[in-house]
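Chain by chain, the residues run as shown.
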Amino acid sequence: MFDELLAQFDFDAPTVNFDYTTKEGWREFVEFDAPRPAPCTMSVYEEMATSDRAIYNIARERFMSVGARIATPSLRRFVAAASSAMADNRSPDASKSGVVISGRPSMGKTTAVQEFGRAYERARRERAGTRRKDLIPVAFAQVPTHATEKTMMKKLAEFYALPFSQTASYETLLSRVSNVMRACETEIVIIDDIHRLDLRYRASEQAADALKELSERCPGTMIYAGVNVAQNGLFWGSRGEQIMARFETVQFDEYDIATNEGAAVWGRVLTELEDSLCLIRQPEGDILRIAAELREISRGSLGRMAKAIRRCARDAIRDRSEQLDLDHLLVVLETIRRLEDRVADEAAQSTRRPRGRRVKAGR
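Residues numbered from 1 in each chain as written. Predicted model: local features only at pLDDT ≥ 70, side-chain atom pairs only at ≥ 80, totals over all residues. Heavy atoms only, no water.

K.L.:
Describe in detail unusual backbone geometry, supporting the description with residues and values.
P.N.:
Despite not being glycine, E185 shows a phi value in the positive range, around 55 degrees. Position of E185 relative to the elements: it lies in the loop between helix 8 (170–183) and strand 3 (188–192). Here E185 falls in the partly exposed class, since its relative accessible area comes to 30%. At R299, a residue that is not glycine, the phi angle is positive and equals roughly 55 degrees. Position of R299 among the secondary structure elements: in the loop between helix 12 (291–298) and helix 13 (302–318). Since its relative accessible area comes to 32%, R299 is described here as partly exposed. (Helix = DSSP H or I, 4+ residues; strand = E, 2+ residues; numbered from the N terminus. Buried < 20%, exposed > 50% of the residue type's maximum accessible area, 1.4 Å probe, protein only.)

K.L.:
Got a sec to walk through the sheet that holds strand 5 (residues 247–252)? Specific residues and values, please.
P.N.:
Here 5 strands make up an open sheet; going across it, the order is 2-3-4-1-5 and the pairing parallel. Edge positions in the open sheet fall to strand 2 (138–142) and strand 5, since each of these has one partner strand only. Looking at each pair of strands side by side, their axes are set apart by 15 degrees on average, direction ignored. Summarising the sheet, strand 1 (residues 98–103) and strand 5 pair through 6 bridges and their orientation is parallel. Bridging across to strand 5, V100 finds its partner in T249. Set on the sheet, helix 5 (residues 73–88) makes contact with strand 1, strand 3, strand 4 (221–227) and strand 5; between it and strand 5 the angle comes to about 175 degrees. The sheet strands contacting helix 10 (residues 237–246) are strand 1 and strand 5, and the helix crosses strand 5 at an angle near 85 degrees. (Pairing = 2+ DSSP bridges. Axes fitted to C-alpha atoms, helices over the stretch in contact; angles between N-to-C directions. Contact = heavy atoms within 4.5 Å.)

K.L.:
I'd love a proper account of the environment of R246, names of residues and values included.
P.N.:
Relative to the elements of secondary structure, R246 occurs in helix 10. We classify R246 as buried; its relative accessible area is 16%. Residues R246 and K96, 150 residues apart in the sequence, show an inter-C-alpha distance of 6.7 Å. In this view, R246 contacts S95, K96, S97, G98, K212 and S215; residues no more than four positions away in its chain are not counted.

K.L.:
Account for the packing of helix 2 (residues 23–31) against helix 6 (residues 109–128), with residues named and values stated.
P.N.:
At a closest axis distance of 9 Å, the pairing of helix 2 and helix 6 adopts a crossing angle of 80 degrees. By the angle between their axes, helix 2 is roughly perpendicular relative to helix 6. Residue-level contacts link W26, R27, F29, V30 and E31 of helix 2 to Q114, E115, G117, R118, E121, R122 and R125 of helix 6. Looking at the contact of helix 2 with helix 6 residue by residue, the class counts come to 3 nonpolar, 2 polar and 7 charged. (Parallel < 35°, antiparallel > 145°, perpendicular 65-115°, else oblique. Nonpolar A, V, L, I, M, F, W, Y, C, P; charged D, E, K, R; others polar.)

K.L.:
An account of the side chain of S74 is requested, with residue identities and associated values reported.
P.N.:
Relative to the helices and strands, S74 is located in helix 5. Of note is the side chain of S74, whose polar atom sits 3.2 Å from the side chain of R77. Not counting residues up to four positions away in its chain, the partners in contact with S74 are V250, Q251, F252 and D253. (Polar contact = N/O pair within 3.5 Å; in protein donor to acceptor, adjacent residues only side chain to side chain.)

K.L.:
Report on the pairing of strand 2, specifying residues and quantitative values.
P.N.:
By the criterion of burial, strand 2 is predominantly enclosed, with 4 of the 5 residues buried. Taken together, the 5 bridges between strand 2 and strand 3 define a ladder with parallel strand orientation. Pairing of F140 across the sheet is with I190, part of strand 3.

Following this line, the structure appears as structure tokens:
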């Protein structure tokens with residue numbers, strides 16, 4: 001049974017898996033290139049040697065998975081908000097501004113902050129040239145589970161590969177991280193999974209205070225990304241009010257095709273995804289025939305839909321049909337949605353257990 005299942009498995013296909021939470025992994029992500037492969041006809045493709053065809057398929061896989069950029073309206077709103085916050089922070093008199101991206105899972109929030117950070121760092125390094133090898137324009141960290149002020153600072157220290165003792169105090173960690181941020185001219189600090197900071201709990205309050213203090217000590221603009229942050233307690237209490245006052249919230253919502261404008265945007269996203277597949281026989285715009293069904297099954301989730309489309313594209317490359325099977329695509333998308341819904345339900349049940357000491361209602 002396994003021999004049959006693995007017969008078509010590509011053991012030589014490269015794995016693209018970046019560790020964004022270290023400066024080395026982030027730098028690898030920033031410098032990684034996956035250019036669009038040159039178009040070719042089916043006859044040319046069939047005449048390729050086996051090794052050349054494998055190389056071409058790998059190039060297509062890399063481009064559709066990593067190289068292609070889909071400029072969604074949510075991404076454009078986020079870039080505009082981030083640019084405004086960075087402009088505000090150039091004034092020494094103003095309180096530090098930032099951006100919070102919020103939305104349901106699989107709406108492209110993490111991808112958006114990573115791609116923005118990547119584009120910004122590339123542009124910044126190109127402007128600096130070779131004279132600043134120690135430049136680290138963007139830092140990336142994830143909020144750890146049950147975060148405290150110390151564990152939050154440790155995550156940032158680990159990004160910069162700063163040695164520290166496990167018994168180091170919070171003040172020591174904060175000082176070292178802020179100093180290296182200044183030395184490396186870090187201008188953007190991306191904090192992912194910010195929904196883990198539920199300010200109804202004391203430890204999360206401390207972690208939020210740590211990020212605020214860090215933002216005041218370093219020149220970087222803070223960008224937070226998380227799942228439904230308001231529902232998960234990020235804006236609770238006086239600290240939450242401060243975050244709402246200083247941070248612009250960009251909501252990554254599902255796509256609404258009830259209006260002509262919404263349908264046009266959804267159609268543009270679909271055609272860009274279709275084009276990124278580089279399938280030889282794919283008729284241009286063919287995917288629009290099931291645009292409404294894709295929206296209904298995916299519930300407007302770009303990440304969920306892109307995963308299904310790319311899986312079907314790989315099937316089309318493998319069986320050499322070189323064209324999306326639209327009926328199969330709907331089935332694959334439905335399967336992915338059901339699996340993700342089940343995982344989300346299980347995760348929601350597991351997070352209902354007590355997480356620590358809760359803040360008093362009067363605070």
